[in-house]
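Summary of structural features
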Amino acid sequence: MSKRRPRFNSPQSQARDLVRRFVIVPFRWLSPTTRFLIGFAVLVILTTLLIATARARATIEDYHEGDIVRRTVISPADIGGIDLTETLKRRTNAMESVRPVFNFNPTQSENAVQIFRSSWDDFQRQWESKTQGRREPEWPGIGGQAVSRAIIAHKFDPTDFAHLTRTLRETSEGYIYEDTDADRLTQDIVLVDARTPGVETVLSMAMSRMTSLAKARQNLRERLSEMRGWTAEEQSALAAAMLPLVKPNVIFDQAATENARDAAAQRVSPADLSLKRNQVIAREGDTVTQTMLVQFTAIRAYAKRGRPWHNFLGLLLIVASLYWLAWEFTEHRSTAVHLTLSVRRAFALVGMSVLVQTVLMRVGFIIADSIATKSERAPFNDPTIWNFAIPFASAALLVALLVDTQLALITGLMTALFAGMLAPAGITQTLYAMASSAAAIYGIGRYRERQSVTVAGLVVAGLNVIMGISLIAYAQQPLTLNTILLAAGCGVVGGLLTTVFTAGGLPVNESTFGILTDVKLLELSNADLPVLGQLALRAPGTNQHSHAVGQLAEDACRAVGANPLLARIGALYHDIGKLAAPNYFVENQQGANPHDRLKPSQSARIIISHVTYGLRLAKEIGLPKPITDFIPQHHGTRTLHFFLRKAQAQADANEEVNEAEFRYPGPRPQFKESAIMMIADSCEAAARTLARPDPDNIRTIVNKIVDAIVSDGQLDECNLTLRELTTIRETITTSLTAIYHARIDYPGFTPPMTTSFPSLPRADIDSEERGISYSRTSEVPISKGGEVEDEAVTRKQ
């Protein structure tokens, strides 16, 4: 390799350098907690400044009904408003007068018969197939063997079957209601037939026209007890199978009832409230009444103007509370799942995303108001419709793609609340922003390709159109063609802008926060990258080994729910340190072993140095930390056992061999993927040395390596379970067996045979041979830590 190696991610490295220079270095003398608190405070203040308005909180003290007025309250001006208490009373009365809504399903009886008929036919087919040597028939429905014995005893009598189906149909017909709904049927109800949706029938004296579920099932039980020729035990078995099929066909519709009640409440006109200037509302010492509380509320609403500092302080506390909740949720989430970055980095990403999103919303509202002000014709003079073009979902989509959907949901909720504080129509914009964020979060899967952002933007655009038109209809505005087209256009623009801002923020945040996404991993797999190209050119055996290990690790990770892509890419780079001296590693050797001419300590230094050199090379080319971690962790802290023994054997009687010189620097595997890499690396190297890589030998060598790694304590610091370890054994064994599968003999070609093993071709005709092979698994040089040390074996010249 050349002295100056090209960097394939220099823009990301530059971004990290900028963050380190202007953010970390100036505050390095502070403790991490202090830096976090400063960052938290800055985040809260900046967000509060963005959404602060010149409104003040009311100055009237909070009272409850029955309290004593501590200071005389006088109306500061003519105030008009709504008497909330009276309005609530009227609406409550209107809601209580609404009849409960029930759905009637007339096909329930026939459905029950069809289920019973299907079970009967299936069981009869099983019985007829028994003569062909198949297993004992089982009743497919409820009831088990008791039903099976009863029906077999009566030889599938068609008369009994017809009687049973007729009985089931008759007992499940009519109106059958759930016993818990009995209280609701004491009054008139609204019945909706499933065959004619939208048509409602008012049913008076409903209880007298219906049958409870318990009564209907009791009727069926009585009818079954009257069957002649059936014993009581057989009748009980039939009852156990048929009673669950009788179900209520009159179901209380909670949602429809609530909607009807809400509609009735909305039709009630609000009760007006009117206060005159200098009117005495309550005198000191008076008892607070409900009417006073309503008037106090009206005065508070009026008093919110003219005191910006009160408003700012309250808003500051609200924003701080929301950010604190986000921090607590991030901490909780990090204990539930493994996040791709630390808790504080995850919170910093959420906070910065919310802050930038708030800036976008603030600018968007200003632009929307400006456009609406310059327009005179409806609907173009409505700023609410223009607000639909704001990319409310950018922050949530960014967090979802980079970290986690649950943290993205918190981000979306926060931005939706801030949108409600910023917008004149608060609740409308909150609902719109929340729906847009939810569509962005759950509208796509994992971030595996750049076009995922575009797909998410299109999903957001589609839902924006639906939500925009829905909110206009909810606000009872006229749904003209221009209104619909403008709302749809703004919704589509909002989705497209979401794509633009998210796509622009992804690479910046990936670099700033050191996040390794699937897209970044796929970019690192490019074989044209300089270090991978050099590995293929100068160390082809290591390159082939890396790809094989990557396949094994990927299969094992997929089997235990780890990250298979991370493991595969980590495998490509785990041995890049061998570029320093590729011929000193067995997979790159063709012929003599250079270690035969070296002292064991020198060989150990060369072999161990591929870890330290690999770390330096990884830092030089800017590899992400999760990939760099594979380089030292796939060897852990194991010793080069065979070189150590050789050194001890060659040492003088009084000479002491330092075991530390033969030990890898570590650390041990810290996460599942690196632990799986350690196992796959040794298993692939061992399987490659087998002269007979049949399934039994492969299984033996895999079990031997895994047991050695576990016994050496190399997996003590990762979160692999014993069950997962068993799954990894089986998966790697299966994968290696597939790699070294038996090949067919080609007609007309008889390869030359070896002396030791006449059934095997001669090794010297294999152009892909690396190192030496072993006929027995016990001969493979596996150390106590599960390391394969082919380099320590002296070659025969």
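Residues numbered from 1 in each chain as written. Predicted model: local features only at pLDDT ≥ 70, side-chain atom pairs only at ≥ 80, totals over all residues. Heavy atoms only, no water.

The subject of this paragraph is the overall build of the protein chain. Within the protein chain, the secondary structure is distributed over 30 helices and 10 strands. The buried share of the protein chain, reckoned over its 797 residues, is 46%. The long-range fraction of contacts in the protein chain, counting pairs at least 24 apart against all pairs at least 6 apart in sequence, stands at 78%. If you sum the accessible surface of the protein chain, you get close to 40,900 Å²; carbon and sulfur atoms cover 55% of it. (Helix = DSSP H or I, 4+ residues; strand = E, 2+ residues; numbered from the N terminus. Buried < 20%, exposed > 50% of the residue type's maximum accessible area, 1.4 Å probe, protein only. Contact = heavy atoms within 4.5 Å. Areas by Shrake-Rupley, 256 points an atom, 1.4 Å probe, with all protein chains shown as cover.)

Further remarks concern the packing of aromatic side chains. This structure, assessed with the given rule, holds 21 aromatic pairs. When the centroid spacing of 5.8 Å and the interplanar angle of 55 degrees are considered together, the rings of Phe-36 and Phe-347 count as tilted. Residue Phe-36 is located in helix α2 (residues 32–51), and its partner Phe-347 is located in helix α13 (residues 343–374); the two are separated by 311 residues in the primary sequence. Residue Phe-36 is classed as buried on the basis of its relative accessible area, which comes to 17%. Overall, Phe-347 belongs to the buried group, its relative accessible area being 4%. Ring geometry for Phe-630 versus Phe-671: centroids 5.4 Å apart, planes at 85 degrees, classification edge-to-face. One end of the pair, Phe-630, is in helix α26 (residues 630–633); the other, Phe-671, is in the loop between α27 (641–650) and α28 (672–688), and 41 residues separate them in sequence. (Phe/Tyr/Trp six-rings, centres within 6.5 Å; stacked < 30°, edge-to-face > 60°.)

Counted by the stated rule, this structure contains 16 salt bridges. Residue Asp-555 is joined to Arg-558 by a salt bridge in which the shortest nitrogen-to-oxygen separation is 3.7 Å. Taken together, the positions of Asp-555 and Arg-558, both in helix α22 (residues 540–560) and 3 residues apart, correspond to about one turn of that helix. Notably, a salt bridge pairs Arg-699 with Glu-730, separated by 3.0 Å at the nearest N-O pair. (Salt bridge = Lys/Arg side-chain N within 4 Å of Asp/Glu carboxyl O.)

Each neighbour pair has its own omega, and for Gly-666 with Pro-667 the value is 10 degrees, a cis peptide bond. In this structure, Pro-667 sits in the loop between α27 and α28.

This part covers the pairing of strand β3 (residues 101–104). In the sheet, β3 pairs with strand β5 (residues 189–193) via 4 bridges, with the strands oriented parallel. Bridge pairing links Asn-103 to Val-192 in β5. The sheet contact formed by β3 and strand β8 (residues 250–252) spans 3 bridges and is antiparallel. Bridging from a neighbouring strand, Phe-104 pairs with Val-250 of β8. (Pairing = 2+ DSSP bridges.)

Our focus in this paragraph is the nonpolar core. Within the largest apolar cluster, 72 residues are counted, with the highest numbers of intra-cluster contacts made by Tyr-573, Ile-627, Ile-679 and Ile-732. No other element matches the 10 residues that α28 contributes to this core. Leaving out residues up to four positions away in the same chain, Ile-679 has contacts with Val-706, Ile-709, Leu-715, Leu-725, Ile-728 and Ile-732. Listed in part, the 63 residues of the second largest apolar core include Trp-327, Val-354, Met-414 and Phe-418. (Core = buried A, V, L, I, M, F, W, Y, C linked by side-chain atoms within 4.5 Å.)

Turning next to the packing of helix α6 (residues 158–171) against helix α8 (residues 213–225). Direction vectors running N to C along α6 and α8 enclose 155 degrees, while the axes themselves pass 9 Å from each other. Taken as axis vectors, α6 and α8 run roughly antiparallel relative to one another. Handedness of the α6/α8 crossing: right-handed. Contact with α6, carried on its side by Leu-164, Thr-167, Leu-168, Glu-170 and Thr-171, involves Ala-216, Asn-219, Leu-220, Arg-223 and Leu-224 of α8 and no other residues of that element. Residue composition of the contact of α6 with α8, grouped by class: 5 nonpolar, 3 polar and 2 charged. (Axes fitted to C-alpha atoms, helices over the stretch in contact; angles between N-to-C directions. Parallel < 35°, antiparallel > 145°, perpendicular 65-115°, else oblique. Left-handed = near helix turned anticlockwise from the far one by under 90°. Nonpolar A, V, L, I, M, F, W, Y, C, P; charged D, E, K, R; others polar.)

Attention shifts here to the packing of α13 against helix α15 (residues 394–402). Between α13 and α15, the shortest axis-to-axis distance is 8 Å and the interhelical angle comes to 155 degrees. When the axis of α13 is compared with that of α15, the two are roughly antiparallel. Note that α13 runs across α15; the crossing there is right-handed. Here Leu-349, Val-350, Ser-353, Val-354 and Gln-357 of α13 lie close against α15, whose contacting residues are Ser-394, Ala-395, Leu-398, Val-399 and Leu-402. Here the contact of α13 with α15 is composed, by residue class, of 7 nonpolar, 3 polar and no charged.

A few words now on the confidence of the model for the protein chain. Predicted confidence across the protein chain gives a mean pLDDT of 81, with 85% of residues reaching 70 or more. Averaged pLDDT values for the elements of the protein chain fall to 50 in helix α1 (residues 10–24) and rise to 93 in α26. In the model, residues 1–13 has pLDDT below 50 throughout and makes 28 contacts with residues more than four positions away in sequence or in other chains. With pLDDT under 50 throughout, residues 749–770 is counted as low confidence; its partners more than four residues away or in other chains account for 28 contacts. (pLDDT = per-residue confidence, 0-100.)

Bringing the environment of Ile-472 into the picture now. With respect to the secondary-structure elements, Ile-472 resides in helix α18 (residues 451–474). Along the sequence, Ile-472 and Thr-483 sit 11 residues apart, while their C-alpha atoms lie 8.6 Å from each other. Among residues more than four places away in sequence, those in contact with Ile-472 are Ile-385, Phe-388, Gln-477, Leu-479, Thr-483 and Ala-487.

Relative to the assigned elements, Asp-272 resides in strand β9 (residues 272–275). The exposed category is assigned to Asp-272, whose relative accessible area is 70%. Spatially, the C-alpha atom of Asp-272 lies 7.5 Å from that of Gly-80, the residues being 192 residues apart in sequence. In contact with Asp-272, other than residues within four places in its own chain, are Gly-81 and Asp-83.

For the rest of this paragraph, the subject is helix α19 (residues 481–512). Note: α-helices contain 3.6 residues per turn, so residues at a spacing of three or four share the same orientation. Given a rise of 1.5 Å per residue, 32 residues ought to cover 46 Å, and the 46 Å separating the end C-alpha atoms of α19 matches this to within 8%. In the stretch just after α19, Gly-514 is the one whose phi turns positive, near 65 degrees. (Expected span 1.5 Å × (residues − 1).)

This paragraph deals with the pairing of β5. For β5, a buried count of 5 out of 5 residues is recorded, marking the element as mostly surrounded by other parts of the structure. A two-sided burial pattern is seen for β5, the buried positions comprising Ile-189, Leu-191 and Asp-193 on one face and Val-190 and Val-192 on the other. In this structure, β5 lies alongside strand β6 (residues 200–203), joined through 4 bridges in antiparallel fashion. Bridge pairing links Leu-191 to Thr-201 in β6.

What follows covers the environment of Ile-151. With respect to the helices and strands, the residue Ile-151 is situated in helix α5 (residues 145–153). Classification of Ile-151 by relative accessible area gives buried; the value is 1%. Taking the C-alpha atoms as reference points, Ile-151 and Phe-161, separated by 10 residues in sequence, lie 9.3 Å from one another.

Another point: a nonpolar patch on the surface. Nonpolar side chains collect at one region of the surface, where Ile-38, Val-42, Ile-45, Leu-46 and Leu-49 lie side by side and expose about 410 Å² of accessible area between them. Turning to its location among the elements, Ile-45 is positioned in helix α2. (Patch = residues over 30% accessible without salt bridge, like charges linked within 9 Å, V, L, I, M, F, W, Y side chains within 5 Å.)

Okay, the side chain of Glu-234 next. Position of Glu-234 among the secondary structure elements: in helix α9 (residues 232–242). Buried and without a salt bridge, Glu-234 has Arg-149 as its closest oppositely charged side chain, separated by 8.4 Å. Of the polar contacts made by the side chain of Glu-234, one reaches the backbone nitrogen of Thr-231; its length is 3.0 Å. Among all residues touching Glu-234, those that are not within four sequence positions of it are Ala-150, Ala-153, His-154 and Gly-229. (Lys, Arg positive; Asp, Glu negative; His and termini not counted. Polar contact = N/O pair within 3.5 Å; in protein donor to acceptor, adjacent residues only side chain to side chain.)

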